[in-house]
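Coordinate inspection notes
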Amino acid sequence: MPTPAQIDEQVQLERDQIRQGLKRLRDNTDALQQKSYASASVYGIASIDMLLPILVERIENTNERIYRRQNGVAFKEIAQYISDLEPLAAAAIALKLTFDKVFSCKEGSDRLTAVCEAIGKAVEAECQMRYYERCAPGLLNILKKNYWHKSSGTQQRLTSIQTLMNRKDIQRWQTWGATNRIKLGGWLLDCIIETSQWFTKDMRQEGRKRVHYVIPTPKFFTVKDKVMADAELFAPLAWPMLIEPNDWTNDKDRPGGYLLNEVMRGHDLVRRGNPTSIQGETPINFLNKIQKVAFTLNPFTVQVAEELERLGREVGKFLPVVQHELPPKPVDIAENREARKAYNRAATHVQDLQHQEHKKSCRTRMTMEAVRRFKDVARFYIPWSFDYRGRAYPIPAYLTPQCTDFGKSLLVFADGSFMTPEAEDWLAFQVATTFGLDKAPMTERLEWARNNHELFTLISQDPIGNLHLWENVEEPWQFLAAAEEYYHCVVVADRQFTRLMVATDATCSGLQILAGLARDKSTARLVNVLPGDKPQDAYKVVAETAAPYCPESIQPYMDRKTVKRVVMTVPYNAKPFSNRGYIRDALKEKGVEISKEDLTKTVKAVRNAMDVVVPGPMAVMSWIEQEVANAIKAGKEYLQWTTPSGFVVHQKLNKKLVVSIELQLLGRCKMQVAVDDSDEVDLNHHKNATAPNLIHSLDASLLHLSVLRFDAPIALIHDSVLCRATDMSSLSSIVRQTYMHLFAEHDYLKDFASHIGAETDPPIVGDLEPESVIESTYFFC
């Protein structure tokens, strides 16, 4: 039990989270206004979403009147300029520019003429880009790839494309002129003012001149204050805790996790779940148990990260702010025009790179901020919650087991365990796996570790000086942490206790679950449910089965890497369209280009091969899709099932009203016309989502039951488990036993059929005896 002093310390930490969250929200809002990007602020996004459909309707009605010639000459002139632009695009541009200009901190930005001209100029720029797209679509695409940078502003993009188009003898764009731009912008601004009543025109006497400004009305400030107040409710930062989190229960008035309700807003027991569902005792006990696991920071990886941050050196997912130096100016830059142009191009490139650094380094900077706050904390805890399928996710965003490779390397268990000979093997397993031998047999991984003591010594004694030895391996930061632990626990044996998190993962988790549901022995063997002296490779078998039916030019390249992503994702209902992309990308990495026709044949061959190689899972997926369609067509508004651990999955998928528009200069914009779901059930979404969600709910259930039988520190990453090297054999055995009980004691697929009201019996091959998994070395590896 925490002492009163520890509770008070945690309360103070949470109050700091609230203050820091509010400060970050307000600082971000101020920064966006300083940069004239108020449209990207919290209140800007929410306000535009509210007003957009009303403004679109207003523009559409005006266009209709123009078409019927019910308006004056001015509207006729305006119509010819926006004929290329759909009302939604015009509305989105007008709203963005209005918010950016009116709330900008730049003097004079909110003048009526400036606002109208900015709107008209932005609309013209969009129409100009569409003009180039009609005249030379291929050239425009090439120029975008070669000359657009992530950091380029809209004006810089337009200028570069316009200059390059003119060089290619594309007919020049006839500019509209300031008068027409202001007239067009003024009309769109009037539409905004009339429909929203959020803005008004204010005349001020400045010397002898009368100057008109666009200012927000009290009505808008009421909306803004409400939006910001709501945002502030969810602004508190989520950090690890200094004491054990509150236990979760089914009582909605007593949430688990953080102590203060102000921090727990938005953090429910089940994310996106049915708030009325009562969860079983087992999953809640599981969640409360993993919340009691204590962590601390790994001083070795923290020290390396701090030094690399100081040096501005990137390694893997560790991306500190790197300073890019401007090139030296030529000595004759004043009189040499070509040298001046070359220097300006090089300087602009460097400035673009520097501009990208802040955005690129965001996660690393936030992680290091958390490191500085917790580096001297001996024990901290992570509050967790469920997603609606029963998988556990940490509530904090940083310093958790579900972070990046760099983030994971920072964590070790607070409580160590005494080293044993068996633990030495699991540390060898971890260091070899993170190096990149994750597909090698266990014996090869152990042998590799024993043969590389010199490598681990060099890295552990001087990680910065020997950066080249570890920065390019599969998972560099976790490898660094594992190499240092192995060095001290095994090589020099000056550390008798180990706290490193060793990870094991399911082999093709989707196929393992489906094999158990279908009791399909052939599939179970391929995904290491059944024992073997080395890991089985389902990807390789599918590739070999599909190869004879692929185009001859592709057959030499049909290996496990080519088909891996397809085989991994088909159990999660990936369709042929996404399969095409996976295979195309895999072949491109081998330097092979494939035609559309050959790609279609190859995808078909791989999917047909899966029907042959893993017949049980494919039949189960087809049955689920058909029965879900029958249930929805029969009138079900949602699907619900209870997993073997007692977790209630509530799947409610209704159609959303989403409109997409293409804005050349602003990128692809998805506009949410309605923030809530419609009343129409999304049949296709249910058909596509149910098999993946069933798999996820069952692999979650497997871990719920396993964790409660395991009496040592543990962490989770979806269907992967992490524990100390001394405990991994015990944990692996428990996971295998739990899998056996899930699929041997009864046919869960029949239970699922009952839950969704299936009209036909599920397809069960029935030749698998799940008891065999007890002996499988590579079930989790």
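Just so it is clear, the model here is predicted, and its values are computed rather than measured.

Structural notes on the sheet that holds strand 5 (residues 380–381)
Pairing is antiparallel in the open sheet, where three strands are placed in the order 5-4-8. The sheet is open, and its two borders are formed by strand 5 and strand 8 (411–413), each paired with just one other strand. Relative to strand 5, strand 4 (residues 294–297) is paired through two bridges, and the arrangement is antiparallel. Paired with Ala294 across the strands is Tyr381, a residue of strand 5.

A word on the pattern of salt bridges
For the structure on display, the rule yields 35 salt bridges. Of the charged contacts in the structure, one is a salt bridge between Glu338 and Arg337, with a shortest N-O distance of 3.9 Å. You can call Arg337 exposed: its relative accessible area is 52%. Glu484 is the partner of Arg495 in a salt bridge, and the nearest nitrogen-oxygen pair spans 2.9 Å. With Arg495 in the loop between helix 19 (476–491) and strand 10 (497–498) and Glu484 in helix 19, the pair connects residues that are eleven residues apart, well separated along the chain. The partly exposed category is assigned to Arg495, whose relative accessible area is 26%.

Let's talk about the sheet that holds strand 3 (residues 270–271)
Here we have three strands laid out as an open sheet, ordered 3-6-7, and mixed in their pairing. Looking at the sheet topology across the chains shown, the edges are occupied by strand 3 and strand 7 (392–394). Of the strand pairs in this sheet, strand 6 (residues 384–387) and strand 7 are connected by three bridges, and their pairing is antiparallel. Looking at the pairing, Phe386 lines up with Ala392 of strand 7.

Here's the deal with the pairing of strand 17 (residues 720–723)
The side-chain alternation of strand 17 yields two buried faces, one formed by Ser720 and Leu722 and the other by Val721 and Cys723. Here strand 11 (residues 502–505) runs beside strand 17; their pairing, made up of four bridges, is antiparallel. By the bridge assignment for strand 17, Ala503 is matched with Leu722. For strand 16 (residues 715–717) and strand 17, the ladder comprises three bridges, and the chain directions are antiparallel. Within strand 17, the position partnered with Leu716 by the bridge is Val721.

Here's the deal with the nonpolar core
One finds Phe456, Trp470, Trp477 and Phe479 to be the most contacted residues of the largest nonpolar core, which totals 218 residues. Looking at this core, the element that brings in the most residues is helix 5 (residues 112–135), giving twelve residues. Excluding residues within four positions of it along the chain, Phe456 makes contact with Val431, Trp448, Ala449, Phe479, Ala483, Tyr486 and Tyr487.

Looking at the packing of helix 22 (residues 538–546) against helix 23 (residues 560–569)
For the pair helix 22 and helix 23, the least separation of the axes is 8 Å and the interaxial angle reads 110°. It follows from the interaxial angle that helix 22 and helix 23 lie roughly perpendicular. Here Tyr539, Lys540, Val542 and Ala543 of helix 22 lie close against helix 23, whose contacting residues are Arg560, Val563, Lys564, Val567 and Met568. Considering only residue class, the contact of helix 22 with helix 23 consists of six nonpolar, no polar and three charged.

Structural notes on the pairing of strand 6
Summarising the sheet, strand 3 and strand 6 pair through two bridges and their orientation is parallel. Bridge assignment links Val270 to a residue of strand 6, and that residue is Phe386.

A look at unusual backbone geometry
Of note in this structure, Ser36 is not a glycine but carries a positive phi near 65°. Its location among the elements puts Ser36 in the loop between helix 1 (4–34) and helix 2 (42–67). In this structure, Asn573 is a non-glycine residue whose phi angle is positive, near 70°. Relative to the helices and strands, Asn573 is located in the loop between helix 23 and helix 24 (576–589).

Calculation rules
Residues numbered from 1 in each chain as written. Predicted model: local features only at pLDDT ≥ 70, side-chain atom pairs only at ≥ 80, totals over all residues. Heavy atoms only, no water. Pairing = 2+ DSSP bridges. Helix = DSSP H or I, 4+ residues; strand = E, 2+ residues; numbered from the N terminus. Salt bridge = Lys/Arg side-chain N within 4 Å of Asp/Glu carboxyl O. Buried < 20%, exposed > 50% of the residue type's maximum accessible area, 1.4 Å probe, protein only. Core = buried A, V, L, I, M, F, W, Y, C linked by side-chain atoms within 4.5 Å. Contact = heavy atoms within 4.5 Å. Axes fitted to C-alpha atoms, helices over the stretch in contact; angles between N-to-C directions. Parallel < 35°, antiparallel > 145°, perpendicular 65-115°, else oblique. Nonpolar A, V, L, I, M, F, W, Y, C, P; charged D, E, K, R; others polar.

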